[in-house]
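Structural overview for review
Read off the chains here:
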Amino acid sequence: MLGLFDNDYGPDGFRTCSVTGLRIHRSAENPTKLFALTAIVALLVGGIFAFTVAMTRWEFVGLLEAGDFYTHLSMHAWNLLIFWMIFMEIAILYVGGPMVLGRRLSIPILAKVGWATMVLGAVAVNYGIWTTTAPNEAPLLTAYVPNPSEPLFYAGVIVFLLGATVAALPFFATLWVEKRENAGQTLPLVTFAAFTTAVIAVEAILGGLAAFSYAFLWRMEIIASVDAAIYRQLYWIAGHGTQQINLVAMIAVWYFLTHVVGGAEVVSEKVSRTAFILYLFFINLGAAHHLLSDPAVSTGWRIFNTSYAFYGATFASLIHAFAIPAGIEAGRRRRGLGGGLFGWLTGAPWRNPMFSATIFSIILFGFLGGITGVIMGQLQLNMTWHNTLATVGHFHATVVLGTTVAFMGLTYFVIRTLFMRQFISPKLASVQPYLYSGAMAIATLMLMYVGILYGVPRRTTEVVENIPGTEFSLSAAGPLFSVFGVFALLAIAGGVLFLVLAVGSVLFGKRIEPGDNDDITPDGGLAADGGESVHHYEMRGTFVLCLVFLTAFVITYLLNWYLLSQLWKIGL
Amino acid sequence: MTDRTSSSVYSFASGLCRRTWNDVLSVYYANTPIWRVLKSVGLLFFGFFCWSASNLLLSYRPSWSFLYFVAAYGFALIVWGPLTHLALLPWVIRLRRTANHPLTRTVARKGSMLNLSIFLTIVLVLGIAPISPMLLDFGTLVDDGTGSPDVDPDLECTVVDELVECSLSDPSGIDHVVVTSGEVHVKTVEEPPYDFEIRRSNLETVLGQKQFTVELRDEDGATLRRYKRTVPTDGE
């Protein structure tokens, strides 16, 4: 079809990637392309609604009426937070599993069945949301009962989740075959990360099936009522679990891309693997931060899940935050690239969009998403963040600046190495991560500011001009909203540019012949030739960067506590 | 402590300071495209942070006047940081190689100092006489009463046989009330005190309950408040 699935395979169906050196089988490559392309379609749909939502929240434009806003917001959330991410994540499983292991994809027919089921579910969810009429409510991502949504919506979600399960089965089957044949060998780190992602995904999917089946039965009036408090807890197993899949998949992409285009080496496999195992045990407990203001759960439950157990996952993130830059620094120094404190970093291939997108994802996720995540995961500080636009800022920092930007880098990589196409404009492809990440970072920062500084609520159309029917005015937040509006438009332009480059390159890009991909391989080759062991090289640049991160963390943390302490006085 | 120990501590400390200062200088003058971008974006974010955080602290501690200078520093840095590292510094470095005229050579030699002096002067001036865009306003969360009235009455509904009777605790600030059920318009109430009756049979059934929505609107038709109520179905 349009030459999209043509590559030169040997008689055994394998070919060797000139960039990664991986043996890639047709049965793994074609479904990867299919899932990645579908993810791009979801990104397009969600991106269109990003425009309408942002231009409504920027009241200078005030695009939508209140009645339409929630529908558009729901379309934006489901297509970007769920469909764009999960289609891409299934593609990552196929890269991290069969491709990295150099195997065929086991039971490939299930990949096709899974894809068709997921598409059916996604279409049903979109149709259900778009055609929502009273008394049903557009569900947003928090499809809380007893607010009723279209029955088709619940059915669509269930079908989508089942499809994702079916699509993940070939990955598990491939790993099972691998372990049967090589029982004593450990999995490569990227495969191990993909496996962790898949386990967390199963957990999220089970929670999602429980929650949405429960709601569907109630909506179809098969059961008379639902316990809303139990539903919320079930819901967040999926609601936050899906975002944790994003996180772990993103970190797998970080390890993969920093190695194959940046020349990074893993400083300590054991430490990195331990960090993934910490995620496995602790990360879903972070979902409790959505229920920190929920009266139905006890304070002890909330404190344990967020302020104690969740720190196991935070510790894991801090390990990766150190391990990945340290890997880049050690790997590049080993190749004799870049002296001084930061020469290894500044001499890196910054014109390569795969590398720049990955590094921006690491930096922006860490500074904007990670720090705020820990802050709002605390019972006390959560009170100043909950249900304000600061929360929206936080998850735009994690899933947009973190995961989406990393996935954009991966998409560029897939275009060059799986679709074997040149970019239609290499210059624009170099610029795009800068434009998108920079503009989105400022827009995200403004969302945090208007939320935490002014308490501007989320999910409402009007706040700055007036909250209807009240004397309460948030007009002072107007200037920051103006900055937000301008940078949101620039970020959307960056997103459009990505879509044009991705789709344009896949359809019209010049075909790459074997050996023409050398420009994206790391300087000095993928495997460092000679030199000392990676542990002999200084990582002082990474150490300084970590100190900067720690300083930002401490200042932001103290400032938030100070803000909270000013809300009320105890005693005199 | 022996002399040798104190001397080695001193030499370590002075060596550390010298290396740090050299590192800072090398970062300041680093002029590759990616260094320019990283420094500019870093200072842009740092400027935003200093500006907003100091404004916030000022709203709680107006007597801490040094915060005006921090706010001014952040506010100026948002523009001056990128300007310096994307435009001025590369220009100065280029001039050092190419300048022939004595004046341009002086500018090339003293350019960085000149730039820093102008920046610090701007910070000082803005700190002493802050302009309004520099100061975020945190004091107007509640209007002085000249804005729209606070419309938030209680809606009480009782069911008497086939009729649902509703009343509002306070009709002020409302122009009219619209009652809908599902997609069906049930009635519009135009006269205060906006009490109304609706027939249970006119309401749509949702999940075993009759449901209706009451919207309080102003003279422009904008919604001020929205209430959703459910009524048990017949026979319950």
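First things first, this report covers the structure right here in the doc.

Definitions and cut-offs
Residues numbered from 1 in each chain as written. Chains lettered and ligands numbered in written order. Predicted model: local features only at pLDDT ≥ 70, side-chain atom pairs only at ≥ 80, totals over all residues. Heavy atoms only, no water. Helix = DSSP H or I, 4+ residues; strand = E, 2+ residues; numbered from the N terminus. Buried < 20%, exposed > 50% of the residue type's maximum accessible area, 1.4 Å probe, protein only. Contact = heavy atoms within 4.5 Å. Areas by Shrake-Rupley, 256 points an atom, 1.4 Å probe, with all protein chains shown as cover. Lys, Arg positive; Asp, Glu negative; His and termini not counted. Charge placed at Lys NZ, Arg CZ, Asp CG, Glu CD. Phe/Tyr/Trp six-rings, centres within 6.5 Å; stacked < 30°, edge-to-face > 60°. Lys NZ or Arg CZ within 6 Å of the ring centre and 35° of its normal. Core = buried A, V, L, I, M, F, W, Y, C linked by side-chain atoms within 4.5 Å.

1. Describing the overall build of chain A
Per the secondary structure count, chain A includes 17 helices and 2 strands. Structurally, chain A occupies a C-alpha span of about 70 × 55 × 45 Å along its principal axes. Looking at chain A residue by residue over its 572 residues, the buried ones come to 62%. Within chain A, counting contacts between residues at least 6 apart in sequence, those at least 24 apart form 82% of the total. About 21,400 Å² of surface is accessible on chain A, with carbon and sulfur atoms providing 69% of the total. Charged side chains in chain A number 29 positive and 30 negative. The centres of these two groups are separated by 7 Å.

2. Here's the deal with the packing of aromatic side chains
All names here are of chain A. In this structure the tally under the stated criterion is 39 aromatic pairs over all chains. For the ring pair Trp-78 and Phe-153, a centre distance of 5.2 Å and an interplane angle of 85 degrees mean the geometry is edge-to-face. Residue Trp-78 is found in helix H2 (residues 66-101), and its partner Phe-153 is found in helix H4 (residues 151-181); the two are separated by 75 residues along the sequence. Given a relative accessible area of 1%, Phe-153 falls into the buried group. Aromatic pair Phe-256 and Phe-413: ring centres 5.5 Å apart, planes at 90 degrees, arrangement edge-to-face. Residue Phe-256 is located in helix H7 (residues 241-262), and its partner Phe-413 is located in helix H14 (residues 389-417); the two are separated by 157 residues in the primary sequence. Per residue, the accessibility class of Phe-256 equals that of Phe-413, and both read buried. Above the plane of the ring of Phe-192 lies Arg-273, whose end atom (NZ or CZ) is 5.2 Å from the centre. Of note, Arg-416 hangs over the ring of Phe-423, and the distance from its end group to the ring centre comes to 5.6 Å.

3. Focus: the nonpolar core
Among the nonpolar cores identified, the biggest contains 204 residues, and Trp78(A), Trp84(A), Phe212(A), Tyr279(A) and Tyr454(A) are the most heavily contacted of them. A per-element tally of this core places H2(A) first, with 23 residues. Leave out the neighbours within four places in its chain, and Tyr279(A) touches Ile200(A), Leu247(A), Val248(A), Ile251(A), Ala313(A), Ala316(A), Ser317(A) and His320(A). Membership of the second largest hydrophobic core comes to 19 residues, among which are Cys166(B), Val177(B), Val179(B) and Ile198(B).

Bear in mind that shape data such as this cannot, by itself, settle questions of function.
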